[in-house]
Amino acid sequence: MIELGRLKDGRLLIACNEDMPTDIIRVEYYREQRLFSLVYENEEDDGEIMPVEIPYEINDIIKNSPNIMVIAMASQNAKPYGYQVPLVQIGV
């Protein structure tokens, strides 16, 4: 499961309860469709589009975010890991 959140300092956060296939190098936000796409470091791993449209209320927060924090967990009992990646916004 992948969820979108916001840290206390205002930065956006994508949290996943699974291990990612490889590190994410950037997150793309398609403004017209209001969808996020995860772009992986390994080009053989296809990008992953988050299956939920982002609510309009979140749009202004996203517009003002140059990057996004990604948190993933290797397994249920593993220690979570995370990193910050660019947030690339596509569209008008």
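Each remark here, short or long, concerns the structure printed above.
Anyway, here's the lowdown on the structure attached to this text.

What counts and how
Residues numbered from 1 in each chain as written. Predicted model: local features only at pLDDT ≥ 70, side-chain atom pairs only at ≥ 80, totals over all residues. Heavy atoms only, no water. Helix = DSSP H or I, 4+ residues; strand = E, 2+ residues; numbered from the N terminus. Buried < 20%, exposed > 50% of the residue type's maximum accessible area, 1.4 Å probe, protein only. Contact = heavy atoms within 4.5 Å. Areas by Shrake-Rupley, 256 points an atom, 1.4 Å probe, with all protein chains shown as cover. Lys, Arg positive; Asp, Glu negative; His and termini not counted. Charge placed at Lys NZ, Arg CZ, Asp CG, Glu CD. Core = buried A, V, L, I, M, F, W, Y, C linked by side-chain atoms within 4.5 Å. Pairing = 2+ DSSP bridges. Phe/Tyr/Trp six-rings, centres within 6.5 Å; stacked < 30°, edge-to-face > 60°.

Turning next to the overall build of the protein. The helix and strand inventory of the protein stands at one helix and seven strands. Starting at the N terminus, the α and β elements of the protein follow one another as β-β-β-β-β-α-β-β. On the principal axes, the C-alpha backbone points of the protein span a range of 40 × 35 × 20 Å. Per-residue burial over the protein gives 30% buried out of 92 residues. In the protein, 46% of the contacts between residues at least 6 apart in sequence involve partners at least 24 apart. Summing over all exposed atoms, the protein offers an accessible surface of approximately 5,900 Å²; the carbon and sulfur share of this is 50%. Averaging the coordinates of the 8 positive side-chain charges in the protein and doing the same for the 16 negative ones gives two points 12 Å apart.

Residues M20, I24, V27 and F36 are the most contacted members of the largest nonpolar core, which totals 19 residues. If you list the elements that add at least two residues to this core, you get β2 (12-16), β3 (24-30), β4 (35-40), β6 (67-72) and β7 (81-90). With residues up to four places along the chain from it excluded, the contact list for F36 reads L4, V27, E28, Y29, E48, I49, M50, I54, I62, I68 and L87.

Another point: the pairing of β3. For β3 and β4, the ladder comprises six bridges, and the chain directions are antiparallel. Across the sheet, I24 pairs through a bridge with Y40, a residue of β4. Hairpin connection of β3 to β4: four residues between the antiparallel strands, including R34 at a positive phi of 55 degrees.

So, about the sheet that holds β3. Strand order in the open sheet made by the seven strands is β1-β2-β6-β7-β3-β4-β5, with mixed pairing throughout. This sheet does not close on itself; its edge strands, each paired only once, are β1 (2-6) and β5 (48-49).

A few words on the packing of aromatic side chains. Applying the stated criterion to the full structure yields two aromatic pairs. With 5.0 Å between their ring centres and 45 degrees between their planes, Y29 and F36 make a pair best called tilted. Plain terms: the ring middles of Y81 and Y83 are 6.4 Å apart, the flat faces sit at 20 degrees to each other, and that makes the pair stacked. Judged by relative accessible area, Y83 falls into the buried class, the value being 18%.

Our focus in this paragraph is the pairing of β7. Consecutive side chains along a regular strand alternate between the two faces of the sheet. Note: β3 against β7, four bridges, orientation parallel. Bridge assignment links Y30 to a residue of β7, and that residue is I90. Pairing analysis gives six bridges linking β6 to β7, with the strands arranged antiparallel. The partner of V70 across the bridge, within β7, is Y83.

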